[in-house]
Amino acid sequence: MAAQTLVESDRIDAVSVTLYRDPNRGEGAIPAGGWPGGYALVTETRTIRVPAGKSVIRFVGVSEGMMPETAIVTGLPQQVDEKNRDARLLSPAALIDAYLKRRVTIRRTNRATGKVTEGEAIIQSGPGGGVLLTTAGGVEALGCSGLPETLSYPGVPADLSARPTLSVTTDNAAAATVTVQLSYLAQGFDWSANYVAHVADDGETLDLFAWLTVANGGSQGFAQARTNAVAGAPNKERAAVLPKGTPPELHLRCWPMDVTSTHPRWGIAPNPPPPPPAPAVSAEDIGSLEDITVSGSLKRMSGVMMSAPVMVAQQEELGDLKLYRIPEPVTVAALSRKQVAMIDRKKVAFARIYTGDFEQFDYDRDADAPESKAAERILRTENIKGKGLGLAAGRARCGVRTCAEESLLVGEGALSDRAIGEEVEFATGESSDVRYKIVARPPSRSRQPYVVEVTNARSTPETFEMAIPYKLASSSAKLIERKGLKTWRATVPANGTAKFEFALKLEVER
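Residues numbered from 1 in each chain as written. Predicted model: local features only at pLDDT ≥ 70, side-chain atom pairs only at ≥ 80, totals over all residues. Heavy atoms only, no water.

Caption draft 1: Seen up close, the overall build of the protein chain. Along its length, the protein chain carries two helices and 30 strands. The buried share among the 510 residues of the protein chain stands at 39%. Sequence-distant contacts, at least 24 apart, represent 75% of the contacts inside the protein chain between residues at least 6 apart. (Helix = DSSP H or I, 4+ residues; strand = E, 2+ residues; numbered from the N terminus. Buried < 20%, exposed > 50% of the residue type's maximum accessible area, 1.4 Å probe, protein only. Contact = heavy atoms within 4.5 Å.)

Structure (structure tokens):
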């Protein structure tokens, strides 16, 4: 059999990364730490010199979460015969594990003379619970002499790579320089959107801005990548679990060389020193923080609107999904998160709605009068161009702020996927001005009556809604249908009240 020539490609000419969200994450931001549950489509362009005959081409620097079964290589003179994902990364712990029960060289310093000596050793256990060696002197633990000790190895095992690598085999009729494209799906990515809505002074429109957060949980980054994010939920089957995160650490553990008086309570570590005090924050620092956390990129504390961001993601159609394309290359760094401007919409029309919840309860003649509850405040609009939107929203957190002499947070809520034409709601918290209470009246054999009273302490009329998710026997007002539920909608006068009476059907025993 002819020997195979090894060709190593470690230079990426161009790369694009298209991110898909974790379908099981639900609403809200990407959890801190850990391995992101989304994935990405990575496409790399490389220039390779391939020899004549059989060769093994090693694509060094692919994503750590690569799913090798999805890899497609185009541009080679002949088709690929075999693919191998070199998953084991080079590290001290991986070397110990690779040479378990094998012979290595130990270099150490003699405690009496200070002379550096070398000798043979066999690794008996490791690397997780401490490394045990068999030497000419017997069985001992690595790193327990109190002086420098190192291991040297005959070579690097073929299945260990300094960076994640994909190997392919091919057979070419003649040598050539080719430009190839490597495309694959990779785990360990995710993206989310964080929306900031600035309510205008007219109380009827808002400015909507969104940051696109890109998360890469792998040890391999991609410099100057063409980056996209897909909104929606494409069907994707469960993939095999891959090695993830940083390589395992090497733990060296020794029997404590100490006396009992050193540790009065053996096995319990002394209390750690208190953490250092937080650094003082100057007034200048506070000003810069306000520009970021309160105003975002839309408005300064002085009330002067800032110009729109230079780079905003461009929305495109992708079948039934939405593609957000970042117009300039960005670096999707290893083990990092990056924010890029995603959406910038001005004067989005909305309606302010107050809502209350109803749960069936029984009449109790001895019960005290119920206390009123604060109504939930919602900003409602439609995802259409006529309202100033017409975009596909991602799962995100939404901060709603007022626009006066300064920007102040008035509420925060979750925003789920919404296709174009669908209703969009921003839940901004409870109101202390619009309140409601529900009173149960004495029931009959088949009816349980209730009375809902809403009070409005605001100087403007407000809209109140309450859904009734039960079978109704009667109603004092005409109800509307909302999301499959009968709903009472009323305009509560300024500094006034509104009342609604209804009865539920009760099951009658026969």
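Next comes the rest of the write-up.
Caption draft 2: Broad picture of the pattern of salt bridges. Under the defined criterion, the tally for this structure stands at 23 salt bridges. Measuring nitrogen to oxygen at the nearest pair gives 3.0 Å for the salt bridge that ties arginine 380 to glutamate 465. Of the two residues, arginine 380 sits in strand S21 (residues 373-382) while glutamate 465 sits in strand S26 (residues 462-468), which places them 85 residues apart along the sequence. Side by side, arginine 380 and glutamate 465 carry an identical accessibility label, which is buried. Of the charged contacts, one joins arginine 482 and glutamate 465 as a salt bridge, the two residues approaching to 3.6 Å between their closest N and O atoms. Remark: glutamate 465 occurs in strand S26 and arginine 482 occurs in strand S28 (residues 480-482); sequence separation between them is 17 residues. Side by side, arginine 482 and glutamate 465 carry an identical accessibility label, which is buried. Among the charged side chains, a network of salt bridges with common partners joins Arg380, Glu423, Glu425, Glu465, Arg482, Lys483 and Arg489. (Salt bridge = Lys/Arg side-chain N within 4 Å of Asp/Glu carboxyl O.)

Caption draft 3: Expanded view of the sheet that holds strand S24 (residues 423-440). Spatially, the nine strands line up as an open sheet ordered S27-S30-S25-S24-S21-S20-S26-S29-S28, and their pairing is mixed. Lying at the two open borders of the sheet, with one neighbouring strand each, are strand S27 (472-475) and S28. Geometrically, the sheet is characterised by an average inter-axis angle of 40° between neighbouring strands, direction not taken into account. (Pairing = 2+ DSSP bridges. Axes fitted to C-alpha atoms, helices over the stretch in contact; angles between N-to-C directions.)

Caption draft 4: Looking closely at the environment of tryptophan 191. Mapped onto the elements, tryptophan 191 comes out in strand S13 (residues 176-199). When its relative accessible area of 0% is taken as the criterion, tryptophan 191 is described as buried. The spacing of tryptophan 191 and glycine 37 is 154 residues in sequence and 9.8 Å in space, taken between C-alpha atoms. At 3.1 Å, the side chain of tryptophan 191 forms a polar contact with the backbone oxygen of valine 230. (Polar contact = N/O pair within 3.5 Å; in protein donor to acceptor, adjacent residues only side chain to side chain.)

Caption draft 5: How the structure looks around the nonpolar core. Counting 51 residues, the largest nonpolar core has Phe59, Leu182, Tyr184 and Met342 as its most contacted members. The greatest single-element share of this core, amounting to eleven residues, is contributed by S13. Val454, Leu479, Ala490 and Phe502 belong to the second largest nonpolar core, which has 21 residues in total. (Core = buried A, V, L, I, M, F, W, Y, C linked by side-chain atoms within 4.5 Å.)

Caption draft 6: Focus on the sheet that holds strand S9 (residues 132-135). The sheet built from five strands is open, its strands ordered S10-S9-S8-S7-S11 with antiparallel pairing. The open sheet has two edge strands, strand S10 (138-141) and strand S11 (149-152), and neither has a second partner. If you compare each strand with its neighbour and ignore which way they point, the axes differ by 40° on average. In terms of strand pairing, S9 meets S10 through four bridges, oriented antiparallel. In the strand pairing of S10, leucine 133 is matched with glutamate 140.

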